[in-house]
Amino acid sequence: MLFSTAGYAQTNVFDDVIAPSPNHTYLEAALIQEGLVGALQNPNATLTVFAPDDQAFTNLATALGTNVAGLLALPNLDDILLYHVLGTTVPSSAVTNGAIVQPLSPTNTLKITATGAGNVYINQAQVTTVDLTAANGVVHVTNGVLLPAETVARSEEHTS
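As a starting point, this report considers the structure included with it. This is a predicted model, so every value here is computed, not measured. (Residues numbered from 1 in each chain as written. Predicted model: local features only at pLDDT ≥ 70, side-chain atom pairs only at ≥ 80, totals over all residues. Heavy atoms only, no water.)

**What about the environment of Asn44?**
Point 1. Topologically, Asn44 is positioned in the loop between α3 (37-41) and β1 (47-52).
Point 2. Assessed through its relative accessible area of 71%, Asn44 is described here as exposed.
Point 3. For the pair Asn44 and Asn12, spaced 32 residues apart in sequence, the C-alpha to C-alpha distance is 9.9 Å. (Helix = DSSP H or I, 4+ residues; strand = E, 2+ residues; numbered from the N terminus. Buried < 20%, exposed > 50% of the residue type's maximum accessible area, 1.4 Å probe, protein only.)

Right, dumping it as structure tokens:
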């Protein structure tokens, strides 16, 4: 008798959310370059990924006077990427205004702000899409790249 494991395939935040997204090509490239894909594919992980979209990378590059290739060449890119990941699954229904959370990067903490209008910010980056789920976690799309040493560099202001 032959057994197939195809029916039991586990989804993961990289293969099923980030990689197929047409709006996360820069994030995908950065994760591959830094060798972090395996961590996001780990079936035993419980992750929350704050995934900056391609426009967020472009905006940061412009603010820093470089291009996306320049961002990908940053010596601390792995730390920046780890700053976008929590080691626990936090769906949007569990978000608490004012929460301070520790990402996988030990460099700094993240502050979550939930406004009365229903907007959610991670530091200064707005969460634009929530709860893209996989078996090993959840992805929330952001409009800004989170920087561990400072707040997010964005080209536009937000109002709370």
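Having seen the structure, we can now continue with the description.
**Describing the side chain of Ser21**
Point 1. Assignment of secondary structure puts Ser21 in the loop between α1 (14-18) and α2 (25-33).
Point 2. According to the relative accessible area criterion, Ser21 is buried, its value standing at 15%.
Point 3. Separated by 3.1 Å, the side chain of Ser21 and the backbone nitrogen of Asn23 make a polar contact.
Point 4. Of note is the side chain of Ser21, whose polar atom sits 2.7 Å from the side chain of His24. (Polar contact = N/O pair within 3.5 Å; in protein donor to acceptor, adjacent residues only side chain to side chain.)

**Digging into the packing of aromatic side chains**
Point 1. Inspection of every chain in the model, using the stated rule, returns one aromatic pair.
Point 2. For the ring pair Tyr26 and Phe57, a centre distance of 6.3 Å and an interplane angle of 70° mean the geometry is edge-to-face. In this pair, Tyr26 is assigned in helix α2 and Phe57 in helix α4 (residues 54-63), connecting sequence segments 31 residues apart.
Point 3. A relative accessible area of 30% places Tyr26 in the partly exposed class. (Phe/Tyr/Trp six-rings, centres within 6.5 Å; stacked < 30°, edge-to-face > 60°.)

**Regarding the environment of Ile122**
Point 1. The residue Ile122 is located in strand β5 (residues 120-122) in this model.
Point 2. A C-alpha to C-alpha distance of 9.7 Å links Ile122 and Ile100, two positions 22 residues apart in sequence.

**Details of the sheet that holds β5**
Point 1. Judged by pairing direction, the sheet is mixed, and its seven strands sit side by side in the order β2-β1-β7-β6-β5-β4-β3 without closing on themselves. Looking at strand neighbours, the two that pair on one side only are β2 (85-86) and β3 (100-101), the edges of this open sheet.
Point 2. For strand β6 (residues 125-134) and strand β7 (residues 137-142), the ladder comprises five bridges, and the chain directions are antiparallel. Among the inter-strand pairings, Thr133 is bridged to a residue of β7, identified as Val138. (Pairing = 2+ DSSP bridges.)

**Digging into α2**
Point 1. Of all the residues in α2, the buried ones are Leu27, Ala30 and Leu31. Seen end-on, α2 carries its buried residues on one side only, within an arc spanning 100°.
Point 2. The secondary structure elements touched by the buried residues of α2 are α1, α3, β1, α4, α5 (68-72) and α6 (77-82).
Point 3. In the stretch just after α2, Gly35 is the one whose phi turns positive, near 70°. (Arc of directions from axis to C-beta. Contact = heavy atoms within 4.5 Å.)

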